[in-house]
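Each chain, written out:
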Amino acid sequence: MIDAKDLTRAQLRRKLRQRRRELKPAAQRRAARALYRQLAHHPLFRRARHVALYLSNDGEIDPCLLIAAAHARGKQVYLPVLKSWPRTSMVFQRIDAREKLAANRFGIPEPRRDSMRQRKVWALDLVLLPLVGFDRHGGRLGMGGGFYDRSLAYRARRKNWHKPTLLGLAHGCQQVDRLPMASWDIPLDATVTDTGWY
Ligand SMILES: Nc1nc2c(c(=O)[nH]1)N(C=O)[C@@H](CNc1ccc(C(=O)N[C@@H](CCC(=O)O)C(=O)O)cc1)CN2
Ligand SMILES: Nc1ncnc2c1ncn2[C@@H]1O[C@H](COP(=O)(O)OP(=O)(O)OP(=O)(O)O)[C@@H](O)[C@H]1O
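Residues numbered from 1 in each chain as written. Chains lettered and ligands numbered in written order. Predicted model: local features only at pLDDT ≥ 70, side-chain atom pairs only at ≥ 80, totals over all residues. Heavy atoms only, no water.

Asker: How should I be thinking about the pattern of salt bridges in this particular structure?
Answerer: Tallied over the full model, the rule gives nine salt bridges. Of the charged contacts, one joins Asp58 and Arg17 as a salt bridge, the two residues approaching to 2.9 Å between their closest N and O atoms. With a gap of 41 residues between them, Asp58 in the loop between strand 1 (50-52) and helix 4 (64-72) and Arg17 in helix 1 (residues 9-21) connect regions that are remote in the sequence. Linking Arg117 and Glu99 is a salt bridge whose minimum nitrogen-to-oxygen distance equals 3.4 Å. Residue Arg117 is found in the loop between strand 5 (109-111) and strand 6 (118-119), and its partner Glu99 is found in the loop between strand 3 (90-95) and strand 4 (101-103); the two are separated by 18 residues along the sequence. The class for Glu99 is partly exposed, based on a relative accessible area of 22%. Ionic contacts of the salt-bridge type, sharing partners, join the residues Arg17, Arg20, Arg21 and Asp58 into one network. (Salt bridge = Lys/Arg side-chain N within 4 Å of Asp/Glu carboxyl O. Helix = DSSP H or I, 4+ residues; strand = E, 2+ residues; numbered from the N terminus. Buried < 20%, exposed > 50% of the residue type's maximum accessible area, 1.4 Å probe, protein only.)

Here it is as structure tokens:
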């Protein structure tokens, strides 16, 4: 496991992104199936009606099997969609199983913006977050845009509001011993990997 103490956030991010990108396609497919087995029958997933996921990019663990399962079970499935203004914010928008998608400014596919299909993040039951690095204490290192932190910032002010449950999704190799937490970081309830819950 990487010792995060001697690295800056930028160095750590580079190292961990490289690790997940190095996974071969067969290892990625195995990891996606193992992640599905960790979550598909868990009560947090089974009970959730409104679930936000993401489309994998840059070697991220792929939640596509969970997306398919969520659709098949009649859940409402949401993806993050970047706003053009302010450029640092994003919203969660419902997609259907055959949704047409187009690449956003980072090359990640997303649905065409439609405010009728958007839902406030505090009205979601479960958000499955992509991440670059995680620790056992709810720490998350993202791509560095602050998109998830900004959309979850209300949590810091509303301590008694526990929705939605926040679960990071990652490959086991993205674990670090302890991430330095920034003042704006919103702790995860847990991170789920191909090998277990942390
Ligand atoms: N799959 C996925 N979707 C997601 C996120 C994510 O981390 N993963 N995001 C989570 O926040 C948001 C997008 N945030 C991102 C932030 C930076 C970069 C990125 O690749 N930056 C490049 C260079 C930027 C550029 O091309 O202009 C880089 O750092 O190399 C990508 C996504 C919303 N959707
Ligand atoms: N609630 C917030 N309000 C204002 N700025 C914020 C907030 N959260 C994060 N930021 C800003 O966003 C920038 C990136 O934050 P950070 O490095 O934690 O992103 P990240 O969690 O890695 O990215 P992402 O959530 O997009 O995957 C920081 O410079 C920070 O100043």
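Now, onward.
Asker: Got a minute to help me understand the environment of Leu12 in this structure?
Answerer: Tracing the backbone through its elements, the reader meets Leu12 in helix 1. Taking the C-alpha atoms as reference, Leu12 lies 8.2 Å from Gly133; in sequence the two are 121 residues apart. In contact with Leu12, other than residues within four places in its own chain, are Ile2, Ala4, Leu7, Leu141, Val176 and Leu179. (Contact = heavy atoms within 4.5 Å.)

Asker: Please explain the nonpolar core as it appears in this structure.
Answerer: The nonpolar side chains of a soluble globular protein tend to be buried, and buried together. Leu39, Phe45, Leu66, Phe92, Val127, Leu128 and Leu169 are the most contacted members of the largest nonpolar core, which has 42 residues in total. Residues contacting Leu39, with those up to four places away along its chain left out, are Phe45, Leu66, Leu128, Leu167, Leu169, Val192 and Trp197. By size, the runner-up hydrophobic cluster in this structure holds eight residues, among which are Ala4, Leu16, Leu141 and Val176. (Core = buried A, V, L, I, M, F, W, Y, C linked by side-chain atoms within 4.5 Å.)

Asker: In this structure, what is going on with the UniProt feature "binding site: substrate" (unreviewed entry) in the protein chain? I would like to understand it.
Answerer: The positions UniProt marks with the feature "binding site: substrate" (unreviewed entry) are Leu55 and Glu60. If you trace the backbone, Leu55 turns up in the loop between strand 1 and helix 4. Under the relative-accessibility criterion, Leu55 is labelled partly exposed at 24%. If we ignore the near neighbours within four places in the chain, the residues touching Leu55 are Glu60, Ile67, Leu79, Leu101, Ile108 and Pro109. You can call Glu60 buried: its relative accessible area is 8%. (UniProt positions renumbered as here; feature names shortened; annotations may be inferred.)

Asker: Is there a simple way to explain the packing of helix 2 (residues 25-39) against helix 4 in this structure?
Answerer: Where helix 2 contacts helix 4, the axes come no closer than 8 Å and their chain directions differ by 45°. Judged by the inter-axis angle, helix 2 sits oblique to helix 4. Across the interface between the two elements, Ala32, Arg33, Leu35, Tyr36 and Leu39 of helix 2 pack against Leu65, Leu66 and Ala69 of helix 4. The class makeup of the residues in the contact of helix 2 with helix 4 is seven nonpolar, no polar and one charged. (Axes fitted to C-alpha atoms, helices over the stretch in contact; angles between N-to-C directions. Parallel < 35°, antiparallel > 145°, perpendicular 65-115°, else oblique. Nonpolar A, V, L, I, M, F, W, Y, C, P; charged D, E, K, R; others polar.)

Asker: So what exactly am I meant to see when it comes to helix 4 here?
Answerer: An α-helix turns once per 3.6 residues; consequently, residues spaced three or four apart project the same way. Those residues of helix 4 lying buried are Leu66, Ile67, Ala69 and Ala70. Relative to the axis of helix 4, the buried residues are bounded by an arc of 165° and lie together on one face. The secondary structure elements touched by the buried residues of helix 4 are helix 2, helix 3 (43-46), strand 2 (76-82) and strand 7 (126-130). Note on helix 4: the residue one or two positions beyond its end, Gly74, has a positive phi of about 80°. (Arc of directions from axis to C-beta.)

Asker: Which parts of the structure should I look at to understand the environment of Leu124?
Answerer: Looking at the secondary structure, you find Leu124 in the loop between strand 6 and strand 7. Taking the C-alpha atoms as reference points, Leu124 and His50, separated by 74 residues in sequence, lie 5.1 Å from one another.

Asker: For this particular structure, what's the right way to read the site of ligand 1?
Answerer: Near ligand 1 you find 14 residues, and of these Arg17, Leu55, Glu60, Phe106 and Met143 are the closest. Measuring from an oxygen atom of ligand 1, one finds a side-chain N or O atom of Arg17 at 3.0 Å. At 2.7 Å from a nitrogen atom of ligand 1 is found a side-chain nitrogen or oxygen belonging to Glu60. Contact with the protein chains covers 71% of the free accessible surface of ligand 1, which is 690 Å². Listing elements by their share of the shell around ligand 1, those giving two or more residues are strand 2 and helix 5 (147-151). Tallied by class, the residues present in the shell around ligand 1 amount to 11 nonpolar, one polar and two charged. (Near = heavy atom within 4 Å. Polar contact = N/O pair within 3.5 Å; in protein donor to acceptor, adjacent residues only side chain to side chain. Areas by Shrake-Rupley, 256 points an atom, 1.4 Å probe, with all protein chains shown as cover.)

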